[in-house]
Structures are given as structure tokens and as C-alpha cells.
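# Structure assessment
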Amino acid sequence: QLEREGRGGAAARVREGGRVQRGAVNFERLRAPFSLRCGALLIDYIVVVGVLALTTLLARVFGGDVKRGGNFILFVGYLTTAGVAFVNFVLLANLSGRTLGKWIAGLRIERKDGEPLSVGRALLRHLVGYPLTLVTLGLGFLFAAFDPQGRALHDWLAGTVVVRSRAPRVTNLR
């Protein structure tokens, strides 16, 4: 008896003799389009850069003596920005399989084997994979446009794939 089909998690659970087993993951059906992935990443970076811009503005407005007060507020702003980035890219990704941008775009991160995303894989994906992609001048992101499963460089490194949260609707055009 099929309990889930592409909803909630990419792996379907099948009940056989009272035992629940993980079924095969159908990444092709749930594959996230490259444009949605780009939009989700843009949203994530707007949030992070927005926090940095706000704290920089606060440092300019309330800094008083630029050497003392402004630098302290700016330092706190950098720490806040790093904290927001860590929560968004690592903790949220680990707990829900989504960053804020992926949640808005209707996407989620799954492990290739269908198991839940661990903190280690989220760290590898975002703290190693993204910087490597930046070093390659963004070519790592372009892998997702040409890979049959839509996997970018950071997905290959961490053994993950980005999928739609639910299967796309099929419409009959008569």
C-alpha cells in the first residue's frame, strides 16, 4: 500500500507485511527547474545582504565616533549577518530540508539516497560547495542547468539533490 507519493519527502514509503520501507526516489518527476533554484538562491542572498545593509546603515546613523561606536555596531552587524546565514543555510536546511528561499520557491533539499539531510551534509553543501562554486566563477551552479538530475557542484559534493516540494501538476489542454 502506497502511503506517500512524492509529497512530504522524496522517498515513498511502502508498507510490506507491517514493515515500512523506503522506496526508490523518483528525482526526475520532482526535479527542481534551474530557474526556480536561481530564484530561491536570490531570495536567500537578499535576506543575508539585507541584514548586512541594515546593520551598516545602523552603524552609520548611530555610530557617533566612527572609530569606537561605529566599528562596534559594524562588528555586531557582521556577527548578526553570519548568524542569519548560518541559521538559514545550515540549521533550516538541516531541520526542514529548505532554506528560506527554497521554502518560498516550493523547493527542498534531499539526500540522493532519500535519507534526511544531516548537519554535516548541510555544512559541506553550503560552507564548502558554495565557496568552490564562487572560485569557479559560478560554473558550479551551471552544472544544475545541464545535469539530468539538476544537481549543481555543491549537490555533487554533499550527495544531495534539490526537488520540488510536490510533484508538478499535469493539466489537460483540450
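Residues numbered from 1 in each chain as written. Predicted model: local features only at pLDDT ≥ 70, side-chain atom pairs only at ≥ 80, totals over all residues. Heavy atoms only, no water.

We now examine the overall build of the chain. Broken down by element type, the chain carries 7 helices and 4 strands. In the chain, the succession of α and β elements from N to C terminus is β-β-α-α-α-α-β-α-α-α-β. Within the chain, residue pairs in contact and separated by at least 24 positions form 63% of the contacts whose partners lie at least 6 positions apart. About 10500 Å² of surface is accessible on the chain, with carbon and sulfur atoms providing 66% of the total. (Helix = DSSP H or I, 4+ residues; strand = E, 2+ residues; numbered from the N terminus. Contact = heavy atoms within 4.5 Å. Areas by Shrake-Rupley, 256 points an atom, 1.4 Å probe, with all protein chains shown as cover.)

This brings us to the confidence of the model for the chain. In the predicted model, the chain carries a mean pLDDT of 80, and 75% of its residues have values of at least 70. When the elements of the chain are averaged for pLDDT, strand 1 (residues 11-16) gives the smallest value, 43, and helix 4 (residues 100-105) the largest, 95. In the model, residues 1-23 has pLDDT below 50 throughout and makes 48 contacts with residues more than four positions away in sequence or in other chains. (pLDDT = per-residue confidence, 0-100.)

Moving on to the packing of aromatic side chains. The tally for this structure, following the rule as stated, stands at 3 aromatic pairs. Relative to Phe89, the ring of Tyr45 has its centre 5.5 Å away and its plane inclined at 40°; by these criteria the two rings are tilted. Here Phe89 lies in helix 3 (residues 66-96) and Tyr45 lies in helix 2 (residues 34-62), a separation of 44 residues in the sequence. A ring pair is formed by Tyr130 and Phe141, whose centres lie 5.6 Å apart and whose planes are at 70°; its orientation type is edge-to-face. Of the two residues, Tyr130 sits in helix 5 (residues 119-135) while Phe141 sits in helix 6 (residues 139-146), which places them 11 residues apart along the sequence. Members of the aromatic cluster, joined through ring pairs, are Tyr45, Phe89, Tyr130 and Phe141. The aromatic ring of Trp156 is capped on one face by Arg151, whose charged end is 4.0 Å from the ring centroid. (Phe/Tyr/Trp six-rings, centres within 6.5 Å; stacked < 30°, edge-to-face > 60°. Lys NZ or Arg CZ within 6 Å of the ring centre and 35° of its normal.)

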